[in-house]
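Residue-level structural notes
Chain by chain, the residues:
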Amino acid sequence: MLNPGAGATALRSPQADVGVDREAVKRAFLDKLFSIQGKFPKLATQNDYYMALAYTVRDMMLRRWVSTAATYTAQRARTVCYLSAEYLLGPHLGNNLINLGIYEQVRGAIAELGLDFDALLAQEPEPGLGNGGLGRLAACFIDSLATLEIPTLAYGIRYEFGIFQQEIVDGWQVEKTDKWLTFGNPWEIARPEWGVEVKLGGHTERYVDDLGRLRVRWVPSKIVNGVPYDTPILGFRNNTANTLRLWRAEAPESFDFAVFNRGDYYGAVNQKVISENLSKVLYPNDDQTRGKELRLEQQYFFVSCSLQDMFRILNVQRIPLERLHEKFAVQLNDTHPAIAVAELMRLLIDVHALPWESAWDITCRTMAYTNHTLLPEALECWPLALFGRVLPRHLEIVYEINARFLDDVRLHSLGDERIVAALSLIDENGERYVRMAHLACVGSSAINGVAGLHTELLKSSVLSEFHKLWPQRFSNKTNGVTPRRWIVLANPRLTSLLNETIGDAWIRDLNELRAIEPYVDDASFRERWSAIKRANKEELAGYVQELSETALDPDSMFDVQVKRIHEYKRQHLNILHVIALYHRLKNGATDVVPRTFVFGGKAAPGYRAAKLMIKLINSVGAVLNRDPQTRDVLRVVFLPNFNVTNGQRIYPAADLSEQISTAGKEASGTGNMKFSMNGALTIGTLDGANVELRDEVGADNFFLFGLAASEIDQLRRAGYDPCDWYRRDTELATVVDLVRSGFFSRGDPELFEPLLHGLMNYDPYFVLADFAAYVECQRRVGATFRDRERWTRMSILNAARTGKFSSDRTIREYCRDIWRVQPVPIERLQSEQRDFDELTPVRSIASH
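Residues numbered from 1 in each chain as written. Predicted model: local features only at pLDDT ≥ 70, side-chain atom pairs only at ≥ 80, totals over all residues. Heavy atoms only, no water.

Moving on, we get to the overall build of the protein. Looking only at helices and strands, the protein features 34 helices and 23 strands. Whereas a compact globule of 848 residues would reach a radius of gyration of roughly 29 Å, the protein reaches 28 Å, a difference of no more than 12%. The C-alpha extent of the protein, read off along each of the three principal axes, is 90 × 75 × 65 Å. The buried share among the 848 residues of the protein stands at 61%. Counting contacts in the protein only where the partners sit at least 6 residues apart, residues at least 24 apart contribute 77% of the total. (Helix = DSSP H or I, 4+ residues; strand = E, 2+ residues; numbered from the N terminus. Rg over C-alpha atoms; globule rule 2.2 N^0.38 Å. Buried < 20%, exposed > 50% of the residue type's maximum accessible area, 1.4 Å probe, protein only. Contact = heavy atoms within 4.5 Å.)

With that out of the way, let us pick up unusual backbone geometry. Its identity as a non-glycine residue notwithstanding, E149 has a phi of 60 degrees, on the positive side. The phi angle at R820 is positive, at roughly 50 degrees, despite the residue not being glycine. A relative accessible area of 58% places R820 in the exposed class.

Here we take up the packing of helix 1 (residues 22–35) against helix 2 (residues 46–75). Two elements in contact, helix 1 and helix 2, have axes separated by 8 Å at closest approach and are oriented at 120 degrees. Compared by their axis directions, helix 1 and helix 2 come out oblique. As for how helix 1 packs across helix 2, the hand of that crossing is right-handed. On helix 2, the residues that touch V25, A28, F29, K32 and L33 of helix 1 are D48, Y49, A52, L53, Y55, T56 and D59. Here the contact of helix 1 with helix 2 is composed, by residue class, of eight nonpolar, one polar and three charged. (Axes fitted to C-alpha atoms, helices over the stretch in contact; angles between N-to-C directions. Parallel < 35°, antiparallel > 145°, perpendicular 65-115°, else oblique. Left-handed = near helix turned anticlockwise from the far one by under 90°. Nonpolar A, V, L, I, M, F, W, Y, C, P; charged D, E, K, R; others polar.)

Time to look at the packing of aromatic side chains. Taken as a whole and assessed by the stated rule, the structure comprises 24 aromatic pairs. For the ring pair F466 and W470, a centre distance of 6.1 Å and an interplane angle of 35 degrees mean the geometry is tilted. Side by side, F466 and W470 carry an identical accessibility label, which is buried. Measuring from centroid to centroid gives 5.0 Å for F705 and Y774, while their planes differ by 50 degrees, and the two rings are tilted. In this pair, F705 is assigned in the loop between strand 23 (702–704) and helix 27 (709–718) and Y774 in helix 31 (residues 767–786), connecting sequence segments 69 residues apart. The same class applies to F705 and to Y774, which are both buried. One aromatic cluster is present, built from ring pairs that chain together Y82, F141, Y814 and W819. Of note, R158 hangs over the ring of Y229, and the distance from its end group to the ring centre comes to 4.0 Å. The ring of W486 carries the charged tip of K674 above its face, separated from the ring centre by 4.6 Å. (Phe/Tyr/Trp six-rings, centres within 6.5 Å; stacked < 30°, edge-to-face > 60°. Lys NZ or Arg CZ within 6 Å of the ring centre and 35° of its normal.)

What follows concerns the side chain of N672. Mapped onto the secondary structure, N672 falls in helix 25 (residues 671–677). The class for N672 is buried, based on a relative accessible area of 1%. Reaching out from N672, the side chain makes a polar contact with the side chain of N690 at a distance of 3.0 Å. Apart from the residues within four sequence positions on either side, N672 is in contact with S657, Q659, A689, N690 and L693. (Polar contact = N/O pair within 3.5 Å; in protein donor to acceptor, adjacent residues only side chain to side chain.)

What follows concerns the sheet that holds strand 15 (residues 433–435). Read from one edge of the open sheet, three strands run 13-15-14, paired in antiparallel fashion. Sheet topology places strand 13 (381–383) and strand 14 (426–427) at the edges, where each strand pairs with a single neighbour. Pairing geometry for strand 14 and strand 15, over two bridges, is antiparallel. Each residue of the ladder has a partner; that of I426, found in strand 15, is V434. (Pairing = 2+ DSSP bridges.)

Structural data, given as structure tokens:
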């Protein structure tokens, strides 16, 4: 039996639902322990207690969920269908309690049962169904869609194994399997009755139907079943519970009895193994051809399942097929679901026999496309042979779409073949490829970027010819994040201060945070603000010490860079600055502000340069943290397995947010928003949403450095030579040479040579060009941090001015400009209190 920790922080939920009392919660909890887990307290494990609590909360959500589905069905409401290959949701329990408004009641009830509520929260495995910003954005969006009462079906894949668990061994990243489903998932409900068939491979045949029409039949080489698993997504303090529908792949026949009886025991289950591979793992390694095939199959699998599900809903609600675009607004979250354009055409013309022109009109009016990247390698392209092997019918449809589209392009461009080649859905340079971003653009009524700068760069570079052709289709929708998770849940101390000072309206309308601006001149408010930041830093320091036995000083500046490890995000620029500070200290400098450098993030398993960056960070940390001359001034820690859970620990504790990507490379970034909402100051380039963040918080409250995107473009065209920058910057040369000497690699000068070779000879992300400006900007950061009163004022203003960066604002813009969908309020059928009271009472844990 666990006792509640004395230091546990109570989170005061805004407008708590007073109709749910602790006794009702305890009765429901104990009933679930008995009836679902089949345990009594002396045998119950911590996981049993977590599962009992999760089922208690899920059952409370069910009435909202059923009421929502019933209302949408009855009203035949226009619905947003969000197609995303990733959803980085984070743990459900705490977030659901916040949105229900019963966090405090449940915490109190669990404490009265003699259990540690925080330990139960920590027991929940995090579903790693995303790689980074794309999946986390999708999770923030569906939270906002429910909060704004927008009818929504979010579709994706129920990966059995999500993004890998990262461990650090001897400074290197080691990938471990993410077994998030080991003990089951209490938040989902399987819907096998809504399963669908998905075809793959094979060939096509022409035939004439009974009406004399020439038709095409797809004869697949294999068929896979898609089974939906539904998870309710709650709105904040309303009755809406939308659905996240994730698809699991299964074999049509999971066991071949005849083969088994012949003694071929492997062959008897072989089809099951092959089929289930489709939803087995997030982003299989696609270095090999089979890996590429599997990834394309995954994308098609979930898209086909989702579109077929929409057709089922049309049938249930008796809506004619010709009105599909009126019922559904389908949003393609990046290029992963872009095959939806060809699949919807296949379903309309091959299965439902619509004429091409009608089908194309419906498709274009249904689809909208969000682009999330300016990196050419991230704009998915599939080799023509591979595409045709996996999706033979879709390749024919892509050819037909392309032929008709390019006829229009030739009319528009007066036959300019350069423009024709640039816009074609097929890349004809060398090996031929299908360009998925082009398919998404041609088949969508709207195309948007995710930050002002990103959208302008899309128009002028990556998608410039499409913008010239259809300027009216393009718009910007700057990303945002949900304040429910990233302030209310992640930073309960700050939430309490804000609620006490300005009320809780800011949780629904983040612009209300502006009301704390006048308090920047209130000494007692500043003192409380600083105390909250220090308490959050102490919590993070305790976690780090528990994890690595590295002691952190909460009075030092927590200088934090946590995000996916990639060369364009420039973690190596950060660590080069750390080495520069270390070198200064070793040479007698006394003006270095004490800092704790916190790094975190995962490198793609096949991305060698990124993994070497992780090794360099850890190697530098190993030297600095044990050097008695410097360790009281500089500390470096790399927190393994950065995910949503760890983000909730880190963002509230940060003093300085590192947003230092090469200008023109980051589409938006959302970590910058989470840091700023929690009072961190930003050092950054004019990249992604940094531009708008600086505009909102004020130039005086943002540490800007580095080349702008236009300057980088000019430097590249002029013939950028990184060695020139190395030769004329003595400190940069000293730092590079220190790494090259083997000082941070136990005398091995070869270990980091690949990284240094890339910087010295190519430096595609202009690390050396921005080094001096970064170091100078960091000097200003240090000087400002010494003036704690000034720093606190800047911190308050940063948080107060982040209203624009709520995902609620972003979703309102999508609803208004792209989806044209209205809120549908939900009337709940019955109170939660009655739900609880109907449960059979069970004696308390103490009585056992």
